[in-house]
Amino acid sequence: MPTARQSRAGVINCDLGMSKPFDIELERLTSQASYSEIARGVAAGQRGTFFLETFGCQMNDHDSEKVAGLLLSRGYQQVETPEAASLILYNTCSIREKAAQKVFSRLGEYREKQNEGKVIGVLGCVAQQEGEEIFERAPWVSLVCGSASYRKLPDMLTQLEAGNQRVTGLDTDTDATFETEVTRRDNPWRAYLTIIEGCDKACSYCVVPFTRGPERSRGSDSILKEVRQLAELGYSEVQLLGQTVNSYADPTPRKMRFSELLLAVADVQGVRRVRFTTSHPSDFTPDIVEAIEEQPKICDHVHLPVQSGSTRVLRAMQRTYSREVYLEKIAMMRDANRPIAITTDIIVGFPGETEFEFEETLSLLDEVQYDNLFSFKYSPRPNTPSLSMSDSMSEEEKGRRLAVLQDRQREIQSAKNARLVGKRFEVLVSGKSRRENQWSGYTTSHRMINFASQERELLGTYVQVRVTGAGPNSLLGDHAV
Ligand code: 5AD
Ligand code: SF4
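All figures in this text were calculated on a predicted structure; none of them were measured in a lab.

Caption draft 1: Representation of the overall build of the protein chain within the structure. When helices and strands are tallied, the protein chain shows 15 helices and 22 strands. Taking all 481 residues of the protein chain together, the buried fraction comes to 58%. Of the contacts formed within the protein chain by residues at least 6 apart in sequence, a portion of 74% connects residues at least 24 apart. For the protein chain, the accessible surface area stands at approximately 19900 Å², while carbon and sulfur atoms represent 48% of it.

Caption draft 2: Seen up close, the packing of helix α14 (residues 355–368) against helix α15 (residues 395–418). Contact pair α14 / α15: the axes reach a minimum separation of 10 Å and the direction vectors enclose 15 degrees. With respect to α15, the axis of α14 lies roughly parallel. Between α14 and α15 the crossing geometry is right-handed. Contacts between α14 and α15 involve Glu-355, Phe-358, Thr-361, Leu-362, Leu-365 and Asp-366 on the former and, on the latter, Glu-397, Arg-400, Arg-401, Val-404, Leu-405, Arg-408, Gln-409 and Ile-412.

Caption draft 3: Layout of the site of ligand 2. Neighbouring residues of ligand 2: Cys-199, Lys-201, Cys-203, Tyr-205, Cys-206, Val-208, Pro-209, Gln-243, Thr-244, His-280 and Arg-319. Of the residues contributing to the shell around ligand 2, the split by class is 6 nonpolar, 3 polar and 2 charged.

Caption draft 4: Summary view of the site of ligand 1. Residues in close proximity to ligand 1 include Ile-95, Arg-96, Tyr-205, Gln-307, Asp-345, Ile-347, Phe-376, Lys-377, Tyr-378, Ser-379 and Arg-381, which together make up its full environment. In the environment of ligand 1, an oxygen atom lies 2.9 Å from a nitrogen or oxygen atom belonging to the side chain of Arg-96. In the model, a nitrogen atom of ligand 1 is placed 2.7 Å from a nitrogen or oxygen of the Ser-379 main chain. In isolation ligand 1 exposes 410 Å². Once the protein is present, 90% of that is buried. Secondary-structure elements contributing two or more residues to the shell around ligand 1 are β16 (341–348) and β17 (372–377). Residue composition of the shell around ligand 1, grouped by class: 5 nonpolar, 2 polar and 4 charged.

Caption draft 5: Spatial organisation of the packing of aromatic side chains. Inspection of the entire model under this criterion finds 5 aromatic pairs. Seen from their ring centres, Tyr-321 and Tyr-326 are 5.9 Å apart, and the 35 degrees between their planes marks the pair as tilted. Take Tyr-326: its relative accessible area is 0%, and that puts it in the buried class. Ring centres of Phe-350 and Tyr-378 lie 5.3 Å apart, and the angle between their planes is 75 degrees; this geometry places the pair in the edge-to-face category. Taken as a pair, Phe-350 in the loop between β16 and α14 and Tyr-378 in the loop between β17 and α15 lie far apart in primary sequence, 28 residues in all. Summarising the burial analysis for this pair, Phe-350 and Tyr-378 share the class buried. Here the aromatic cluster, defined as three or more aromatic residues joined through ring pairs, consists of Tyr-205, Phe-350 and Tyr-378. In this structure, Arg-272 packs its charged tip against the face of Tyr-462, placed 3.9 Å from the ring centre. Its end group placed over the ring of Trp-439, Lys-432 keeps NZ or CZ at 4.8 Å from the ring centre.

Caption draft 6: Local environment of the pattern of salt bridges. Under the defined criterion, the tally for this structure stands at 28 salt bridges. With a closest N to O distance of 2.8 Å, Lys-201 and Asp-283 form a salt bridge. With Lys-201 in the loop between β11 (196–197) and α8 (208–211) and Asp-283 in the loop between β14 (273–277) and α11 (286–294), this residue pair connects regions lying 82 residues apart in the sequence. Given a relative accessible area of 24%, Asp-283 falls into the partly exposed group. Note that Arg-408 is salt-bridged to Asp-366, the shortest N-O span being 2.7 Å. With Arg-408 in helix α15 and Asp-366 in helix α14, the pair connects residues that are 42 residues apart, well separated along the chain. Each of the salt bridges in this network shares a partner with another, and the network as a whole consists of Glu-237, Arg-272, Arg-273, Arg-275 and Glu-426.

Caption draft 7: View of the sheet that holds strand β18 (residues 424–432). Taking strand neighbours around the barrel as the criterion, the 5 strands line up as β18-β19-β20-β22-β21 in a closed arrangement whose pairing is mixed. Looking at each pair of strands side by side, their axes are set apart by 55 degrees on average, direction ignored. One ladder, built from 4 bridges, connects β18 with strand β19 (residues 438–442); its direction is antiparallel. Pairing of Lys-432 across the sheet is with Trp-439, part of β19.

Caption draft 8: Representation of helix α10 (residues 258–267) in the model. Burial analysis of α10 places 7 of its 10 residues in the buried class, the great majority of the element. Listed in full, the buried residues belonging to α10 are Phe-258, Ser-259, Leu-261, Leu-262, Ala-264, Val-265 and Ala-266.

Rules and cut-offs
Residues numbered from 1 in each chain as written. Chains lettered and ligands numbered in written order. Predicted model: local features only at pLDDT ≥ 70, side-chain atom pairs only at ≥ 80, totals over all residues. Heavy atoms only, no water. Helix = DSSP H or I, 4+ residues; strand = E, 2+ residues; numbered from the N terminus. Buried < 20%, exposed > 50% of the residue type's maximum accessible area, 1.4 Å probe, protein only. Contact = heavy atoms within 4.5 Å. Areas by Shrake-Rupley, 256 points an atom, 1.4 Å probe, with all protein chains shown as cover. Axes fitted to C-alpha atoms, helices over the stretch in contact; angles between N-to-C directions. Parallel < 35°, antiparallel > 145°, perpendicular 65-115°, else oblique. Left-handed = near helix turned anticlockwise from the far one by under 90°. Near = heavy atom within 4 Å. Nonpolar A, V, L, I, M, F, W, Y, C, P; charged D, E, K, R; others polar. Polar contact = N/O pair within 3.5 Å; in protein donor to acceptor, adjacent residues only side chain to side chain. Phe/Tyr/Trp six-rings, centres within 6.5 Å; stacked < 30°, edge-to-face > 60°. Lys NZ or Arg CZ within 6 Å of the ring centre and 35° of its normal. Salt bridge = Lys/Arg side-chain N within 4 Å of Asp/Glu carboxyl O. Pairing = 2+ DSSP bridges.

The following block contains the structure:
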C-alpha cells in the first residue's frame, strides 16, 4: 500500500527491480493518439526537464502517469533525479498525517536551494487540502495543483515562464482528469483506468471527499473506447480504479451498471484480466459476484475495506453498514461457484474504540479469513468529522493493537497460503529477478508468486505455475509446462 515511488524517466519498473529502456517501450506504453502526441512533444525540443515523485494510492500512481504523459507531450523531458530537473513535482497523499508530513519534509530539502532556478510544484491531495497555505509553509514552492486541475498544468507552467511567481489549480468539481489521451503508463502489461473520481461517502475519518471532491463517473462509451485502444497496444490486464469503484453510475444514456461494465470490458478482444479497486461494502451488490462467476476474465479478487469489526465503531465512522451486513456481503462471495480472494483495510484506535470493540475486529478476521489486510493506526485529519472526537488513545496503545492485528492476520495468511502448495495457477509474469531463472508475477486472485523457469523471456506472458512453497505474503513455485 502507500509507499513513495518515483516515476523514473526512461525506465519501466517491474516487480523485482527489472527495468527496460523507455524508448523501446514508448509506443507500447501509450495509446495511439498519445504516442504521436508524446513523440511530437519530444521532437518539439527541450521545454525543460521534470522529476516526478509519487506518494500514496494507485489513483495517485495513475494520476502521475497522466501528468508525465501531458508534460512529455508538451516537450518536457523526464529525468531520474531532482538534481537533473528544472521542474520538480511531488504528487502527494494526505490520507494519514505521516504521508502529508513526508511531503513537507521533502519540500524542506529545498529550503536552502530556492534560488537555484528550479520550479517546485505540489500536486495531488496535499495540494488540494492545504491550497495556498503551502506557499506560506514553503515559500520556494511556485505551483500548487489538485488532481482535478492537471489539464491546466501546461498553462500554469506557461504563466510561470511569463514571470508569474505563484500559480494554483484547485478545482474539485470538474471531470477534466478523465481526459487521458496522453497518459504515459508505467507498466507495459497492466493498464490503470479511472472510471470514477472523488467520493460521495462521508466516512468520518477520511479526507478524500475534501481532497478529491464529489463523485463523478466517466461515460461507459469513453471507458470502452480506451480499453479497446489499450488492448490493441498489447495491454492484457485492465484495472478499473475509483475510491468507491462499485458506486459507478454511468452518465451516458446506456446507464450501464458497474457489473455490466466489468463484463463489457472483459469482452474486449485482447483483454485477459479485469481488476477493480476499491469496492465499498454498501454498494457491493449480488450482480458483481454473478459477473465474477460468469466471466473468468474478471479476476477472482475483491478488495472490500471493512475498517472495523464493531458495529458501534462503524456507526461512529459513518460507514453506512453494520458488521452483520458486511458479513452478508462476505457470505455472498463465499457462496459463489468460483473461490474469490478477499482483502480489506482496517483502522485501529478510532476515537473511543474499546478493548472489546478491538477484539470484535480480531474475531472478524477469524470469521472472514482474509487473503490480505492493510491496517492503519487512526490518524486525525483536517476537515473531517472525527477530528472533533477525542483521540485520547496513546500512540503506544494504537501501536499495540496494530501489532496484535497484524500478527493474527499473518497466522491466517500463512495457514491459507500453505493450503495452496501443490496447486497450479495462471500467472502474468511481471518481474525478473537478478537471480538467474527466477521470475515473479500475480495470479488472478492477486497472490504474488516467485517461481523458477529455464525460459529466456517470460515478461508480459501468461504461464502456468505449480506452487511448491508458501509464506504469509507470497508463494514459491515452478513453471509448469
Ligand atoms: N486514519 C487512518 N487510516 C485511514 N484511512 C483513511 N483515512 C484514515 C485515517 N484518517 C485508511 C482506510 C482506507 C485506507 C485507504 O486508508 O483504511 O480504506
Ligand atoms: Fe474515504 Fe470513505 Fe470515501 Fe473510502 S468511502 S474514500 S474511506 S470517505
